[in-house]
Structure formats: C-alpha cells, structure tokens
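Residue-level listing of the chains:
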Amino acid sequence: DWLSTQIAPGTQVQIIGFSDKATWLIPDTEGQWVTLTDGSELDAPIAALRASHPQGGTSLHAGFNALKTLDPKPDNIYLLVDGLPTMGDVIPTRPGVNAADRLDHFNRAIRQLPVGVPINIIMFAMEGDPQAAPAYWLLSLRTGGSLLAPAEDWP
C-alpha cells in the first residue's frame, strides 16, 4: 500500500506477480505499460497481492522473463521478496532444494535483468534463509538501487 501511494499520476507502471509462473496483475495489460491517472489502476493488483499467500516454488526467472517483454525497458524495478528462489527457469523434477541451489537459481536469474536499471528490493525476510539478505543487498548495490527490510508493523 505504501509503495503504491508514492507513485505520481502520469507514471507508467506494471505489476508482475510470480511463483513458478509470472502473472500480470493489472488486468488485460500483459506486456504493456499502464499510465496512472488517479491511482485506481492499482486497486486490483494491490488486492491480488493482498490475497496471495506463498505456496509452492518461486522462480525469479519467471518474473524476469515477463519483465523482458516490456518496451521500453523499465527505468526502475521494485522487487518484493521473502527470500531466495526455490527453482530456476524450469519446474524441478525432484523435491527439495538446498541453500546452494537457491543461491545458484538467484545468480542465474539476475543475469536476465536489463543492464543499467536500478533494482530496489523490499525484503520480507524469512527465517532460515541466511544467504538471501546479502545476495539481494549486493544486487541492489551493484545496480544503484536500494534494499529495505521493513519491520512487521511498518508503516
């Protein structure tokens, strides 16, 4: 909610949700930028995000592949995550994933990001994923973005 209220009218946006697949959360806008008028364009995607719950695998590849279809490329990316991805660009055939696999999925996925675009991360860190915070921090640092790890009661 806080992030969406900071976007000025006239700004072009797109919101992509991802788990094992990417989903365009602004209805009927796949692969397109949406120009905000009064912010009501964000009501449906924010409601969809609020109603979603983590389940199954997560693939940054899925989200980043969808992102690549936007033209022009974004001038900023805001990535909301709870940890490192649990899968790569294909659905795994074996159950389970270890810490090294997760870091490898992350490193492979970030190679798909557009060059020169700041990646701003809002991280809702989960317990038991100690490599996530440093990996995302380095990504934000290397791209000129920022990392925010809000407290549960923020804002």
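Residues numbered from 1 in each chain as written. Predicted model: local features only at pLDDT ≥ 70, side-chain atom pairs only at ≥ 80, totals over all residues. Heavy atoms only, no water.

A. Up close: the sheet that holds strand 7 (residues 147-148). On the basis of which strands lie adjacent, the open sheet formed by 3 strands has the order 5-6-7 and parallel pairing. Both outer strands of the open sheet, strand 5 (77-81) and strand 7, are each paired with one neighbouring strand and no more. Of the pairings in the sheet, the one linking strand 5 to strand 6 (residues 119-123) comprises 5 bridges and is parallel in character. Pairing of Val 81 across the sheet is with Met 123, part of strand 6. Contacts between helix 5 (residues 132-143) and the sheet are confined to strand 5, strand 6 and strand 7, with strand 6 contributing the most and set at about 155° to the helix. (Pairing = 2+ DSSP bridges. Helix = DSSP H or I, 4+ residues; strand = E, 2+ residues; numbered from the N terminus. Contact = heavy atoms within 4.5 Å. Axes fitted to C-alpha atoms, helices over the stretch in contact; angles between N-to-C directions.)

B. Highlighting the packing of aromatic side chains. Inspection of the entire model under this criterion finds 1 aromatic pair. Ring centres 4.9 Å apart and planes at 75° place the aromatic pair Phe 106 and Tyr 136 in the edge-to-face group. In this pair, Phe 106 sits in helix 4 (residues 99-110) while Tyr 136 sits in helix 5, placing the two residues 30 residues apart along the sequence. Judged on exposure class, the residue Phe 106 and its partner Tyr 136 are both buried. (Phe/Tyr/Trp six-rings, centres within 6.5 Å; stacked < 30°, edge-to-face > 60°. Buried < 20%, exposed > 50% of the residue type's maximum accessible area, 1.4 Å probe, protein only.)

C. Highlighting the pattern of salt bridges. Under the definition given, this model contains 2 salt bridges. Here Asp 104 and Arg 108 are joined by a salt bridge, their closest N and O atoms 2.9 Å apart. Taken as a pair, Asp 104 and Arg 108 lie in helix 4 at a separation of 4 residues, close to a single helical turn. With relative accessibility at 33%, the residue Asp 104 sits in the partly exposed group. (Salt bridge = Lys/Arg side-chain N within 4 Å of Asp/Glu carboxyl O.)

D. Representation of helix 4 in the model. In this model helix 4 runs 17 Å from its N-terminal to its C-terminal C-alpha over 12 residues, within 8% of the 16 Å that 1.5 Å per residue would give. Burial in helix 4 covers these residues: Arg 102, His 105, Phe 106, Ala 109 and Ile 110. Down the axis of helix 4, the sector holding all buried residues measures 120°, keeping them to one side. Check the buried side of helix 4 and you find it contacts helix 3 (60-67) and helix 5. Its side-chain oxygen 3.1 Å from the backbone nitrogen of Ala 100, Asn 98 forms the N-cap of helix 4. (Expected span 1.5 Å × (residues − 1). Arc of directions from axis to C-beta. Polar contact = N/O pair within 3.5 Å; in protein donor to acceptor, adjacent residues only side chain to side chain.)

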